[in-house]
Amino acid sequence: MALKYIEEYRDGSLARDLVKKIQSVSKKDLRLMEVCGTHTTSIFRHGIRSVLPQGITLLSGPGCPVCVTAQKDIDAFVEFARVKNVIVTTFGDLMKVPGSSSTLTKEKACGADVRIVYSVFDAVNIARENKDKEVVFCGVGFETTIPTIAAGILMGIQGKLDNFSIYSANKLTPPALAALMETDGVEIDGFILPGHVSVITGTNAYRDTFEKYDIPSVIAGFEPIDILKAVLLLIQQNEAGKPALENAYPRAVSDQGNVKAKQIMNQIFEVCNASWRGIGEIPSSGMELKKEYQKFDAAIKFEMDMPDTPEPKGCACGEILMGLKTPEECPLYKKKCTPMNPVGPCMVSSEGACAAFYRYS
């Protein structure tokens, strides 16, 4: 399918042809997981679930960075906001995520200096303009975001900014896929792999996971044609009994990925264990600052070592992120937990499964 313009990836006739082909080849009941939260939103926005065969179930995975941020990390962000002369800089999705006792929105309403930024570079500029205050950036993201945070550290070094630091709650995608495959009760027949992340990591980042678990996997873009093509490929692999790792997003993703971005990321950060909301600790799934850059580590600078705290009672975000439940199966969904009064992060983030279900379902 040689498409050139973005409009073609939304072409109704092409979509109908793909749907007909999906319906003709689909015989087995399959559970396919879209790993990325942007895929979840796009699937709902374009009504893709409604045109698939009844036996094809799409599951939302742990690809929303805000949703997988551990409760203790959210508590740390709130605690930074309570420190005198500290400016907390954050992406907007984090503002309403409930910590154990508060949210960044509530702390801001109480007088804390919490500012929404669009990138870490905004935080660096705020630090440059406020030399009399400490600026902390809440580092939440996957491989798409981590290289930019690394570049922000380099900017801080170049600008000799002693008042700038980050709290790293960054995560890596492939280890999470492996953790899902090792979790009892998780039933997945194929992965729709994230497009944005794969632009940075490249196809090769998934080869070890694919070769170990031999599960159908397709990297996809975010337009309707992209997603339908990925679903078709996964169905064909399952029906033929021939799992493969395929790149259905070649206009943006290569085997090697963005080599320069990965070099910058690995220059500043090193792999560490990380806690994922609802999943627990996953070995080698996080990124922390290397020793030579730890003066930019807000957790060390402010001695911020938060204890593990339980997630809100009744919240099923963790099970939803692993494909064990859908949002409608959470006892709090649309009752105690709504976009205006969220209990868990899946209802807060624009990429969260609960938010997508609430808005579109």
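For the structure, see preceding data.
On a predicted model such as this, the values are computed, not experimentally measured, just so you know.

Asks: Break down the packing of aromatic side chains for me, citing the residues and quoting the values.
Replies: Think of a pair of aromatic rings as described by two things: how far the centres are apart, and how the planes are tilted against each other in angle. Inspection of every chain in the model, using the stated rule, returns 10 aromatic pairs. Ring centres of Phe-44 and Tyr-360 lie 6.3 Å apart, and the angle between their planes is 15 degrees; this geometry places the pair in the stacked category. Here the residue Phe-44 occupies a position in helix α2 (residues 37–45), and Tyr-360 occupies one in helix α15 (residues 353–360), the gap between them amounting to 316 residues. A relative accessible area of 12% places Phe-44 in the buried class. A relative accessible area of 28% means that Tyr-360 is categorised as partly exposed. Clustering of aromatic rings is evident, with ring pairs tying together Phe-77, Phe-80, Tyr-167 and Phe-302. A cation over an aromatic ring shows up here: Arg-251 above the ring of Tyr-9, its NZ or CZ 3.8 Å from the ring centre.

Asks: Residues and numbers for the packing of α2 against α15, please.
Replies: Where α2 contacts α15, the two axes come as close as 9 Å, and the packing angle between them is 10 degrees. It follows that α2 is roughly parallel to α15 by the angle criterion. In this structure, α2 uses Thr-40, Thr-41, Phe-44 and Arg-45 to contact α15, whose residues at the interface are Ala-353, Ala-356, Phe-357 and Tyr-360. Within the contact of α2 with α15, the residues separate by chemical class into 5 nonpolar, 2 polar and 1 charged.

Asks: Any chance you could break down the pairing of strand β4 (residues 113–116) for me, citing the residues and the numbers?
Replies: In this sheet, β4 lies alongside strand β3 (residues 86–90) in parallel orientation, the contact comprising 4 bridges. Among the inter-strand pairings, Thr-90 is bridged to a residue of β4, identified as Ile-116. Assessed by its sense of winding, the connection that carries the chain from β3 through helix α5 (residues 104–109) to β4 is right-handed.

Asks: Lay out the side chain of Ser-119 in plain terms, naming residues and giving numbers.
Replies: Inspection of the secondary structure puts Ser-119 in the loop between β4 and α6 (120–129). At 3.1 Å, the side chain of Ser-119 and the backbone nitrogen of Phe-121 are in polar contact. Beyond its immediate sequence surroundings of up to four residues, Ser-119 is in contact with Phe-91 and Phe-137.

Asks: Residues and numbers for the side chain of Asp-73, please.
Replies: Within the secondary structure, Asp-73 is located in helix α4 (residues 71–81). Despite its burial, Asp-73 pairs with no opposite charge, the nearest such side chain being Lys-171 at 4.4 Å. Setting aside its immediate chain neighbours within four residues, Asp-73 contacts Tyr-167, Ala-169 and Lys-171.

Asks: Summarise the sheet that holds strand β2 (residues 56–63); cite the residues concerned and give the values.
Replies: Taken together, 5 strands build an open sheet; the order of strands is β2-β1-β7-β8-β9 and the sheet is parallel. At either margin of the open sheet sits one strand with a lone partner, and together these are β2 and β9 (245–247). The sheet shows a mean angle of 20 degrees between the axes of neighbouring strands, taken without regard to direction. In the packing of α2 onto the sheet, the strands contacted are β1 (30–36), β2 and β7 (190–193), and the crossing angle to β1 comes to about 120 degrees.

Rules of the game
- Residues numbered from 1 in each chain as written.
- Predicted model: local features only at pLDDT ≥ 70, side-chain atom pairs only at ≥ 80, totals over all residues.
- Heavy atoms only, no water.
- Phe/Tyr/Trp six-rings, centres within 6.5 Å; stacked < 30°, edge-to-face > 60°.
- Helix = DSSP H or I, 4+ residues; strand = E, 2+ residues; numbered from the N terminus.
- Buried < 20%, exposed > 50% of the residue type's maximum accessible area, 1.4 Å probe, protein only.
- Lys NZ or Arg CZ within 6 Å of the ring centre and 35° of its normal.
- Axes fitted to C-alpha atoms, helices over the stretch in contact; angles between N-to-C directions.
- Parallel < 35°, antiparallel > 145°, perpendicular 65-115°, else oblique.
- Contact = heavy atoms within 4.5 Å.
- Nonpolar A, V, L, I, M, F, W, Y, C, P; charged D, E, K, R; others polar.
- Pairing = 2+ DSSP bridges.
- Right-handed = clockwise from strand over helix to strand, strands pointing away.
- Polar contact = N/O pair within 3.5 Å; in protein donor to acceptor, adjacent residues only side chain to side chain.
- Lys, Arg positive; Asp, Glu negative; His and termini not counted.
- Salt bridge = Lys/Arg side-chain N within 4 Å of Asp/Glu carboxyl O.

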